[in-house]
2 protein chains.
Amino acid sequence: MKINFSTAAQHLGSSAVREILKVTQGKNIISLAGGLPGEELFPMQAVRDAYNKALAADTSALQYGLTEGYLPLREQIAARLTGQGIAVSASDMILTTGSQQALDLLCKIMLDPGDSVLVEAPTYLAALQVLGSYRADIHTVKSDEHGMLPDHLEEQLRIQRPKLLYAVPTFNNPSGATWSRERREQTVELCRRYNVLILEDNPYGEITFDDAQGAYPPTLAAIDRSGEGESCVVYTGTFSKIVAPGLRTGWIIGPPELIQVITKAKQAADLHSSAIDQRALSELLHNFDLEEHIRLISREYHSRMKLLSGELASRGWEGTHFLEPRGGMFLWLTLAEHINAAKLLPYAVRQGVAFVPGEVFYSEQPHRNTMRLNFTHTPPELMQIAVQRLDEALNIYGQSAEASQPIAQAD
Amino acid sequence: MKINFSTAAQHLGSSAVREILKVTQGKNIISLAGGLPGEELFPMQAVRDAYNKALAADTSALQYGLTEGYLPLREQIAARLTGQGIAVSASDMILTTGSQQALDLLCKIMLDPGDSVLVEAPTYLAALQVLGSYRADIHTVKSDEHGMLPDHLEEQLRIQRPKLLYAVPTFNNPSGATWSRERREQTVELCRRYNVLILEDNPYGEITFDDAQGAYPPTLAAIDRSGEGESCVVYTGTFSKIVAPGLRTGWIIGPPELIQVITKAKQAADLHSSAIDQRALSELLHNFDLEEHIRLISREYHSRMKLLSGELASRGWEGTHFLEPRGGMFLWLTLAEHINAAKLLPYAVRQGVAFVPGEVFYSEQPHRNTMRLNFTHTPPELMQIAVQRLDEALNIYGQSAEASQPIAQAD
């Protein structure tokens, strides 16, 4: 039969990243494309113990649970956040199926078709997809390596009258950039003045490469809650990067009236997320030194980033530049202006290496000579080979007919 | 700050059932209200073993997985469904966070505000909520104990031009009714003729009280796929009732082009459901005799239903009638016409028993003298006391001023 899909369905894009992942799976391709943590670093035994404990108790772990999520885990997350300068209680929070669901539910309860939303450029691809599925009118705020430019932010707040500002201010996906404290304060202050909600998406913030006290600025949520006036920052986090993605457990915190409406939306969406995974995480937080584990994976990811960065620097490709990220999972590479990374990709895959072309992370005016490189999933011993293959691809691409075509930087 | 919610948010209702559950939690109240399976029947040891096996293998169980869900589990579910007369393969299916998410995602990709949807009366409360959140125009098809009346169905198909028909044809929630084979065939035939998609929601179909071969009619999905012409039935099921709800694993099957669009919607909604729960279920299906377990819980639920039914019959409340369900989890009680079950509820809770007033299961013209009684969660030894308390509540209510007010059957 002919299926007559909804307008929303016609605005659902598929993720280029996931399509690339599908192509590279099971083949001898080194993928710097995905946003995957290194699975050899997963705390397997601690996770096994946690599930054993979660299932050892009574049968209630297997019964229907609260839509808001398992209360002891919410309390543990609230305590961790409070320790990070974000004073919250369990009732300010709902647990979600990864922070992706937090983003989706917030958009559902906030956005009507045509509502304006401000984002960074580049920004998280799946956020663009979710915003697109709700038919938001997406506008970019100009940024530099310190964050959104306050003058342009104010202009966009005034002209676009957005309902929401979405940002990943710490170890941005894809750019790796971290906003300065000053820009954070300015952003919170401006959004509060214009009565615009900020969604701060912080999946990577705990993966830090600098151990010094005060090395990093506070989160927008911490700035928001330490200041005067009503809160304007909704904050989402996840265990996907600091424990493991398979547990699919994230959280969102915000004003109680907003959390209540998200709870209703989640009740309709799936009643609640896996109660067993939530109990296992609660046991893990009780019995495992997660903070030490985060230091361990951060050190390892730092060393992989340095390896990648060193290999890239030693190649000295003409016109290429990048900044070393201070944490997180991604390095953002800008190639010479005439190189179209999307067209380079098939050459790279043929040489046995994959990346994500930067253009997919822009809602408008894409910079086509950029790419996102993930350094957390590839084992250190393969990093040199990966960059070697990228080098070969650049050479072959450079001799091709495609490379000589003019590149449209914005269409 | 003042939060300016979306139109969808303003159409999110909260579940009366869940609010009642909250009130009754932790108190000395026997609840016949929830739709909970009996937790003392959960196969705890098998579930523990399954998680152990799922986590014993490699680290990939903890990594990001496919949006469609764990392939071996999809293959196992496809094999079970094929054995039940619904010939499908893993690629016709996507795994969801319970069948609730299947319902939500299908509505998302099918319904624009104002689109018509046909339902039974009474029907599943959370379906009404999801349909409401997408601002569907909900219309009722008249039914008797054998299913939708074909003449009225055709009239509604012609007049309302619906996009979707939603039904729970087997051991309906809340009515307990099971459609006859003839009505099933007529419904599929009519919907196919009018090019209308059917969502068959079948969470209870395997909980059967009659062991005889051929005791039950085939599912709409089986009829649909055995006939000629293009498929018009989308089918959703879940492990929540036959294993345990906490694992939050359901599935939806349908035409490949529809499953592809649902997959995109799910990718935006939460990337994928818990990979660990899916692997554990796959191990459980390999190592545990689920069919024998289903026979065990079905026998036990049958015996509880008989207990409840016997107690109700022996009370002989004036004007009260009910049909014994042939499976599932619910018994639908119709009281004397002048009794308003919603007003009776506070009296019942004071006496220490809870139920769901029937009116919440109607999208229009509620029958206010009805209630839904769950018989799977209450231990057998409490069933007599539960009905005794309901009897007391009816007596006290009968002497109250409220009981003498005229009852509006439809407003």
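Preceding this section is the structure that the text describes.
Definitions and limits used
- Residues numbered from 1 in each chain as written.
- Chains lettered and ligands numbered in written order.
- Predicted model: local features only at pLDDT ≥ 70, side-chain atom pairs only at ≥ 80, totals over all residues.
- Heavy atoms only, no water.
- Buried < 20%, exposed > 50% of the residue type's maximum accessible area, 1.4 Å probe, protein only.
- Helix = DSSP H or I, 4+ residues; strand = E, 2+ residues; numbered from the N terminus.
- Pairing = 2+ DSSP bridges.
- Right-handed = clockwise from strand over helix to strand, strands pointing away.
- Polar contact = N/O pair within 3.5 Å; in protein donor to acceptor, adjacent residues only side chain to side chain.
- Contact = heavy atoms within 4.5 Å.
- Buried area = accessible area lost by both parts, 1.4 Å probe.
- Salt bridge = Lys/Arg side-chain N within 4 Å of Asp/Glu carboxyl O.
- Axes fitted to C-alpha atoms, helices over the stretch in contact; angles between N-to-C directions.

Chemist: With reference to specific residues and values, describe the pairing of strand 7 (residues 164-167) of chain A.
Modeler: Sheet faces and side chains relate simply in a regular strand, where the side chains alternate between the two faces. Residues and elements named next belong to chain A. Residues L164 and Y166 point to one face of strand 7 and L165 and A167 to the other, with burial holding for every one of them. Here two bridges tie strand 3 (residues 116-119) to strand 7, and the two strands are oriented parallel to one another. For V117, the partnering residue across the bridge sits in strand 7 and is L164. Relative to strand 8 (residues 197-201), strand 7 runs parallel, the two being bridged by four bridges. Opposite Y166, over in strand 8, you have L199 as the bridge partner. For the crossover that starts at strand 7, traverses helix 8 (residues 181-193) and ends in the parallel strand 8, the hand is right-handed.

Chemist: Could you give me a rundown of unusual backbone geometry, with the residues and numbers involved?
Modeler: The residue after B:A121, namely B:P122, is reached through a cis peptide bond having omega 0 degrees. Along the chain, B:P122 turns up in the loop between strand 3 (116-119) and helix 6 (125-133). Following B:N173, the chain continues into B:P174 via a peptide bond in cis, with omega recorded as 15 degrees. As for its position among the elements, B:P174 is in the loop between strand 7 (164-167) and helix 8 (181-193). A positive phi is found at A:R135, a non-glycine position, where the angle reads about 55 degrees.

Chemist: Tell me what's going on with the side chain of A:T97, and back it up with residues and numbers.
Modeler: Counting through the fold element by element, A:T97 comes out in strand 2 (residues 93-97). Residue classification places A:T97 among the buried positions, given a relative accessible area of 3%. Reaching out from A:T97, the side chain makes a polar contact with the side chain of A:S273 at a distance of 2.8 Å. The residues touching A:T97, leaving out its near neighbours within four places in the chain, are A:R248, A:K266, A:D270, A:S273, B:T97, B:D270, B:H272 and B:S273.

Chemist: So what about the sheet that holds strand 12 (residues 330-334) of chain A? Which residues, and what values?
Modeler: Residues and elements named next belong to chain A. Spatial strand order, 11-12-15-14: four strands in an open sheet with antiparallel pairing. Of all strands in the sheet, those bounded by a partner on one side alone are strand 11 (321-322) and strand 14 (356-357). In the sheet, strand 11 pairs with strand 12 via two bridges, with the strands oriented antiparallel. Along strand 12, the bridge assignment pairs H321 with T334.

Chemist: Now, about the interface of chain A and chain B: what can you tell me, with residues and values included?
Modeler: Taken residue by residue, the interface counts 84 residues in chain A and 84 residues in chain B. For the pair chain A and chain B, the two sides together bury roughly 7,200 Å², of which 57% comes from carbon and sulfur. Between the two partners, chain A and chain B, sit two salt bridges. Between A:K108 and B:D104 there is a salt bridge, and its shortest N-O distance comes to 3.7 Å. Those elements that place two or more of their residues in the side of chain A that touches chain B are helix 1 (7-10), helix 2 (16-24), helix 3 (44-56), helix 5 (98-110), helix 6 (125-133), helix 10 (256-270) and helix 11 (275-287) of chain A.

Chemist: Lay out the sheet that holds strand 8 of chain A with the relevant residues and their values.
Modeler: Residue and element names in this part refer to chain A. Here seven strands make up an open sheet; going across it, the order is 2-10-9-8-7-3-4 and the pairing mixed. Each end of this open sheet is capped by a strand with a single partner; those strands are strand 2 and strand 4 (137-140). Between one strand and the next, the sheet's axes are offset by a mean angle of 25 degrees, whatever the strand orientation. The pairing of strand 2 with strand 10 (residues 249-253) spans five bridges and is classified as antiparallel. Of the residues in strand 10, the one forming a bridge with T97 is T249. Each of strand 3, strand 4 and strand 7 is contacted by helix 7 (residues 150-160), which is oriented at about 170 degrees to strand 3, the strand it contacts most. Strands in contact with helix 10 are strand 2, strand 8, strand 9 (233-238) and strand 10; relative to strand 2, the strand with the most contacts, it is inclined by about 30 degrees.

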